[in-house]
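Given next are the chains, with one letter for each unit.
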Amino acid sequence: MSTALSLPAPAKLNLFLHITGRRADGYHELQTVFQLLDWGDTLHFEANDSGVIRVQGDLPGTATEDNLITRAAARLKTGADDALGADITLHKRIPLGGGLGGGSSDAATSLLALNQLWHLNHTLDTLAAIGAELGADVPVFVHGRSAWAEGIGEKLTPIELPERWYLVVTPACQVSTAEVFSHPQLTRNSSPIKMAAFFQGASRNDCQDLVRTLYPDVAKVLNFLSKLGEARLTGTGACVFVSCENRGAAEAAQRQLPQDWQSFVARGINPSPVHDILASHR
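Now for a look at the structure at hand. (Residues numbered from 1 in each chain as written. Predicted model: local features only at pLDDT ≥ 70, side-chain atom pairs only at ≥ 80, totals over all residues. Heavy atoms only, no water.)

**Considering the nonpolar core**
Link 1 in the chain: Within the largest apolar cluster, 37 residues are counted, with the highest numbers of intra-cluster contacts made by Phe45, Ile88, Leu111, Leu114 and Val142.
Link 2 in the chain: Take this core: its biggest share by element is 7 residues, from helix H2 (residues 102-117).
Link 3 in the chain: Not counting residues up to four positions away in its chain, the partners in contact with Val142 are Ala108, Leu111, Leu112, Leu124, Leu127, Ala128 and His275. (Core = buried A, V, L, I, M, F, W, Y, C linked by side-chain atoms within 4.5 Å. Buried < 20%, exposed > 50% of the residue type's maximum accessible area, 1.4 Å probe, protein only. Helix = DSSP H or I, 4+ residues; strand = E, 2+ residues; numbered from the N terminus. Contact = heavy atoms within 4.5 Å.)

Below, the structure is given as structure tokens:
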């Protein structure tokens, strides 16, 4: 078995987001669809017996103990051999505060990679449970499938989505998820829908109107992209996307954007490539 691995950490879109209630512990009940993308970060792992987890990369502060990569590795080591160590290098593309799941995906890829490199042999369910301690979006990346999600995002049902391409724009701001979910004007009483209703187009993002009001840069992007298709916020934002039939249509839409806007074009995928790459290195 190899002692080194390079793996992707795919971004995600929330194709819709309904908030159906609020629990006594403050967490929100929701329904959403996680669409994985063929675009994201890349992490390189080298396992060693130093007992130390070192993280370096493009993101300022990646080596701090608060970073999700470091926290995931440390949590995975709990109860295992103290000599387990790793050097991890992050090549960052997913923007912070964008609603694309970058930190969660990095954490999930770290759990999967180190589980294999350290010969821990945890099941995917165990790794997903560990991931849920780090963040509600981590389990979907651990399982590596686009999914219908309920509860606080932890109840996952794999879903086969039609192949679509997406133009994703990153506004010149970061959205605070905590601010959005604690805001008194947030819609919290949407009626639950069936999966069939989503496929028939009966969905929206309950955070979108509030984020549009709070963040003028997001409003600007939503207004512009609405001329090109149905523009929608992913998660609590700040990123906004439009769905396109094919790559050519997405790239044509991208060419219409103001030159100083940050954007990318990506294909929606159902399985993440992470598990296939891991299998090829066993």
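**Regarding helix H1 (residues 68-77)**
Turn by turn, an α-helix covers 3.6 residues, leaving residues three or four places apart pointing in a common direction.
Link 1 in the chain: Taken together, the buried positions of H1 are occupied by Ile69, Thr70, Ala72, Ala73, Leu76 and Lys77. With its buried residues spanning 165° around the axis, H1 presents them on a single face.
Link 2 in the chain: Where H1 begins, the side chain of Asn67 points an oxygen toward the backbone nitrogen of Ile69, at a separation of 2.8 Å. (Arc of directions from axis to C-beta. Polar contact = N/O pair within 3.5 Å; in protein donor to acceptor, adjacent residues only side chain to side chain.)

**Looking at the side chain of Thr32**
Link 1 in the chain: One can find Thr32 in strand S2 (residues 28-48).
Link 2 in the chain: Of note is the side chain of Thr32, whose polar atom sits 2.5 Å from the backbone oxygen of Phe16.
Link 3 in the chain: The residues touching Thr32, leaving out its near neighbours within four places in the chain, are Asn14, Phe16, Leu17, Ala147, Trp148 and Ala149.

**Some thoughts on the layout of surface pockets**
To find the voids left in a structure, one rolls a probe of water-molecule size over its atoms.
Link 1 in the chain: Space inside the largest pocket adds up to approximately 1000 Å³.
Link 2 in the chain: What lines the largest pocket is a set of 40 residues, among which Ser104, Ala136, Asp137, Thr177 and Phe181 lie closest to the centre.
Link 3 in the chain: A total of 4 residues in the lining of the largest pocket trace back to one element, the largest contributor, which is S2.
Link 4 in the chain: Residue composition of the lining of the largest pocket, grouped by class: 16 nonpolar, 19 polar and 5 charged.
Link 5 in the chain: Estimates place the volume of the second largest pocket at around 430 Å³. (1 Å grid on protein atoms, 1.4 Å probe; cavity = no way out; pocket = protein on both sides within 12 Å on 5 of 7 lines; lining within 4 Å. Points joined across faces, edges and corners; volume = space filled by probe spheres on them. Nonpolar A, V, L, I, M, F, W, Y, C, P; charged D, E, K, R; others polar.)

**A few points about the environment of Ser176**
Link 1 in the chain: Tracing the backbone through its elements, the reader meets Ser176 in the loop between strand S7 (165-170) and helix H5 (177-182).
Link 2 in the chain: Residues Ser176 and Gly99 lie 77 residues apart in sequence; the distance between their C-alpha atoms is 9.8 Å.
Link 3 in the chain: A polar atom in the side chain of Ser176 sits 3.1 Å from the backbone nitrogen of Glu179.

**Describing helix H3 (residues 124-134)**
Link 1 in the chain: Every buried residue of H3 is accounted for by Leu127, Ala128, Ile130, Gly131 and Leu134. Viewed along the axis of H3, the buried residues span an arc of 160°, placing them on a single side of the element.
Link 2 in the chain: Buried residues along H3 sit in contact with H1, H2 and helix H4 (138-143).

**Quick look at the packing of H1 against H2**
Link 1 in the chain: At a minimum axis distance of 8 Å, the contact between H1 and H2 shows a crossing angle of 35°. Crossing hand, H1 versus H2: right-handed. Counted together, Leu68, Ile69, Ala72, Ala73 and Leu76 of H1 and Gly103, Ser104, Asp106, Ala107, Ser110, Leu111, Leu114 and Asn115 of H2 form the full contact between these two elements.
Link 2 in the chain: Residue composition of the contact of H1 with H2, by class: 8 nonpolar, 4 polar and 1 charged. (Axes fitted to C-alpha atoms, helices over the stretch in contact; angles between N-to-C directions. Left-handed = near helix turned anticlockwise from the far one by under 90°.)

**Quick look at the side chain of Ser272**
Link 1 in the chain: Counting through the fold element by element, Ser272 comes out in the loop between strand S10 (262-269) and helix H10 (274-280).
Link 2 in the chain: A distance of 3.1 Å separates a polar atom in the side chain of Ser272 from the backbone nitrogen of Val274.
Link 3 in the chain: With residues near it in sequence (within four places) discarded, Ser272 still touches Pro10, Leu36 and Gly144.

**So, the packing of H1 against H3**
Link 1 in the chain: Relative to each other, H1 and H3 sit at 135°, their axes nearing to 10 Å. In terms of their interaxial angle, H1 and H3 are classed as oblique. You can see that H1 and H3 cross each other, and the crossing is right-handed. Two secondary-structure elements touch here, H1 through Leu68, Arg71, Ala72, Arg75 and Leu76 and H3 through Leu127, Ile130, Glu133 and Leu134.
Link 2 in the chain: For the contact of H1 with H3, the per-class residue count stands at 6 nonpolar, no polar and 3 charged. (Parallel < 35°, antiparallel > 145°, perpendicular 65-115°, else oblique.)

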